Amino acid sequence: MELTFLQLTKSSKYGKYCVAGIDIRNDSWVRLVSSDLKSDGAISSEMLKDNENYPCFPLKIFKVNILQSLPTQYQKENKLIDEYSKTEYIGKEKVDALDQYVSNEDFVFKNTSYFLYENQMDGTSLGMFEVSNISIHQEVNEKLEKRTKLDFTYKSRRYINFSITDPLFFDKNGKIDHALIVVSLPNKPYNNNKFFKFVAKIFEL
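1. Let's talk about the sheet that holds strand 11 (residues 157–164)
Working step 1: What the five strands build is a closed barrel, ordered 9-10-11-14-12; its pairing is mixed. On average, each strand axis in the sheet is tilted by 50° relative to the strand beside it, whichever way the strands run.
Working step 2: Pairing geometry for strand 10 (residues 146–154) and strand 11, over five bridges, is antiparallel. Counted as the bridge partner of Phe 152 is Tyr 159 from strand 11.

As structure tokens, then:
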């Protein structure tokens, strides 16, 4: 099956990337996954190079061969790519054309916390939200690892301590007035059965 895909993320995942976006035929969310079980289906840049040998990047539109839908319990959007075929470049989209894909839900995935518990997961794991009053800052965890965090306001509610997996914002500190953020939920829980809400892409407005 050939998929015409608007790429919105190229976020860090086990040394490779989590690549997610929109099937522009029906405006549905898609996460492209590989057969690499060690990286939980992460995508390498080589896997999605086009006929001109350019890798994938956010806002690129391309055609990609899909072997099958591969939904999991917590990520119903997953589709397995053909890792040995080139993609076909179609064009690029502009940030101001993304409004049609922005969520109008009352919360960023059910609550204002930076995680969900397993009983709150329903298989929907991708969404884009228009947020404001954004703060990017660094924190050090209990393993003395530095992590980039995001605080923001969505529908008059404050959200704090979201982990950023967008490589363009690693090691940065600063403020942004308005942005679109793509939030991704993982395929499995981490500390104490928590499914963390990762900010996979930030589009400044």
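2. Describing the environment of Leu 98
Working step 1: Position of Leu 98 relative to the elements: it lies in the loop between strand 7 (88–92) and strand 8 (115–117).
Working step 2: Its relative accessible area of 0% is what places Leu 98 among the buried residues.
Working step 3: Between the C-alpha atoms of Leu 98 and Lys 201, which are 103 residues apart in sequence, the distance is 13 Å.
Working step 4: Those residues in contact with Leu 98 that sit more than four places away from it in its chain are Leu 6, Leu 8, Leu 59, Glu 93, Met 128, Leu 180 and Phe 203.

3. Notes on the packing of aromatic side chains
Working step 1: Throughout the structure, instances matching the rule amount to 14 aromatic pairs.
Working step 2: A centroid spacing of 4.7 Å and a plane angle of 55° characterise the contact between Tyr 74 and Phe 195, whose relative ring orientation is tilted. Here Tyr 74, found in the loop between strand 5 (60–69) and strand 6 (78–81), pairs with Phe 195, found in strand 13 (residues 194–196); they are 121 residues apart in sequence, far enough to count as distant.
Working step 3: Taken together, Phe 109, Phe 129, Phe 152, Tyr 154, Tyr 159 and Phe 162 form an aromatic cluster joined through their ring pairs.

4. What to know about the environment of Ser 12
Working step 1: Position of Ser 12 relative to the elements: it lies in strand 2 (residues 11–13).
Working step 2: In the structure, Ser 12 is positioned 188 residues away from Ala 200 in sequence and 7.9 Å away in space, judged by C-alpha atoms.
Working step 3: Residues within four places of Ser 12 in sequence aside, it is in contact with Thr 165, Pro 167 and Phe 170.

5. Notes on unusual backbone geometry
Working step 1: Not every positive phi belongs to a glycine, and Asp 40 is a case in point at roughly 55°.
Working step 2: As for its placement among the helices and strands, Asp 40 is situated in the loop between strand 4 (28–33) and strand 5.
Working step 3: On the accessibility criterion, Asp 40 (25% relative accessible area) is partly exposed.
Working step 4: One non-glycine residue, Asn 192, lies in positive phi territory at about 55°.
Working step 5: Considering the arrangement of structural elements, one finds Asn 192 in the loop between strand 12 (174–184) and strand 13.

6. Considering the pairing of strand 3 (residues 16–23)
Working step 1: Of all eight residues making up strand 3, six are buried, and the element is well covered by its neighbours.
Working step 2: Pairing geometry for strand 1 (residues 2–7) and strand 3, over three bridges, is antiparallel. The partner of Phe 5 across the bridge, within strand 3, is Asp 23.
Working step 3: Both strand 2 and strand 3 contribute to a ladder of three bridges, which runs antiparallel. From the neighbouring strand, Ser 11 faces strand 3, where its bridge partner is Cys 18.
Working step 4: As consecutive antiparallel partners, strand 2 and strand 3 are separated by two residues, and within that stretch Tyr 14 has a phi angle of approximately 50°, a positive value.

Criteria and cut-off values
- Residue positions within a chain follow its written sequence, with the count starting from 1.
- Selection of residues for local features in this predicted model requires a pLDDT of at least 70, selection of side-chain atom pairs for listing and counting requires 80 or more, and totals for whole chains, interfaces and linings are taken over all residues.
- Derived side-chain values reflect all non-hydrogen atoms in the structure, with water molecules and hydrogen atoms excluded from consideration.
- Only strands that DSSP links by at least two bridges are regarded as paired with each other.
- Working definition: helices are DSSP H or I runs of at least four residues, strands are E runs of at least two. Numbering for both runs from the N terminus.
- For helices, the axis comes from a line fit to the C-alpha atoms of the stretch in contact; other axes are also lines fit to C-alpha atoms, and the angle between any two N-to-C directions lies between 0 and 180 degrees.
- Burial classes: relative accessible area under 20% of the type maximum marks a residue as buried, over 50% as exposed, and values in between as partly exposed (1.4 Å probe, protein chains only).
- Contacts are assigned to residue pairs with any non-hydrogen atoms lying within 4.5 Å of each other.
- In summary, the pairing rule links any two rings of Phe, Tyr or Trp, Trp by its six-membered ring, whose centres are within 6.5 Å, and it sorts them by plane angle into stacked for under 30 degrees, edge-to-face for over 60 and tilted for everything else.

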